[in-house]
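# A look at the structure
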Amino acid sequence: MAFQRMQSALHCAVEQGHADVVQVLLCAGVNLEATEKVSYVQISENVTVTLVVVVVVVVVVVVVVLVVVVVVVVVVVVVVVVVVVVVVVVVVVVGGGRAAAAATSSYCAYISFIPKA
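Throughout this description, residue numbers start from 1 for each chain and increase along the sequence as written. Two thresholds apply to this predicted model, a pLDDT of at least 70 for residue-level local features and 80 or more for giving and counting side-chain atom pairs, whereas whole-chain, interface and lining totals are computed over all residues. Side-chain figures throughout are based on the complete set of non-hydrogen atoms in the structure, without hydrogens or water.

### A word on the overall build of the protein
Scanning the protein for helices and strands turns up three helices and two strands. Residues count as neighbours in contact if any of their non-hydrogen atoms are within 4.5 Å of one another. In the protein, once contacts between residues fewer than 6 apart in sequence are set aside, the share between residues at least 24 apart is 65%. Accessibility throughout is a Shrake-Rupley quantity obtained with a 1.4 Å probe, and a residue counts as covered only by protein chains that appear here. As presented, the protein carries roughly 9900 Å² of accessible surface, and 76% of it is formed by carbon and sulfur atoms. For helices the rule is a DSSP run of H or I covering at least 4 residues; for strands it is a run of E covering at least 2, with both sets numbered from the N terminus onward.

Laid out in structure tokens, this is it:
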């Protein structure tokens, strides 16, 4: 339900208890007789409840999206860790055998060049 009344900035300041604004307006020489048409719309209880429901739904959606993002990040981190572990194991098992064979071969070659006493 909407209604209108005649009011000035001075009236609003007085009604709201803003003494500092009232003083500034009076010092500025505001016309005490001037008024403007001000419209008010009364918000029904249904509109208030609807706004609360909308806010709650938005908050729930934001929380769900954040949870999904966190889960995706955790899954990506786990996958990366698993891939790194697999690569390290493959390098150690496959590369380690080759490195050991190469080291043994080099050691044997080194020993063969040592002069015998």
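### Details of the confidence of the model for the protein
Interpretation of the predicted coordinates at a detailed level should be avoided for regions scoring low in pLDDT. One number per residue, pLDDT, summarises how confident the predictor is, and it ranges from 0 to 100. Confidence in the prediction for the protein averages 77 pLDDT; 66% of positions are at 70 or higher. Here strand E1 (residues 2-7) stands out as the element of the protein with the lowest mean pLDDT, 61, in contrast to helix H2 (residues 19-27), whose mean of 88 is the highest.

### Comments concerning the packing of helix H1 (residues 9-16) against H2
What counts as an axis is a line fitted to C-alpha atoms, over the stretch in contact for a helix, and the angles between N-to-C directions run from 0 to 180 degrees. Running from amino to carboxyl end, H1 crosses H2 at an angle of 155°, the nearest separation of the two axes being 8 Å. Of the possible angle classes, the one that applies to H1 and H2 is roughly antiparallel. Crossing of H1 over H2 shows left-handed handedness. Note on element contacts: H2 touches H1 through Val21, Val22, Leu25 and Leu26, opposite Ala9, Leu10, Ala13 and Val14. In these notes the angle categories are as follows: under 35 degrees is roughly parallel, over 145 is roughly antiparallel, 65 to 115 is roughly perpendicular, and the rest is oblique. In this scheme, a crossing is called left-handed if the near helix is turned counterclockwise away from the far one by less than a right angle; it is called right-handed if the turn is clockwise.

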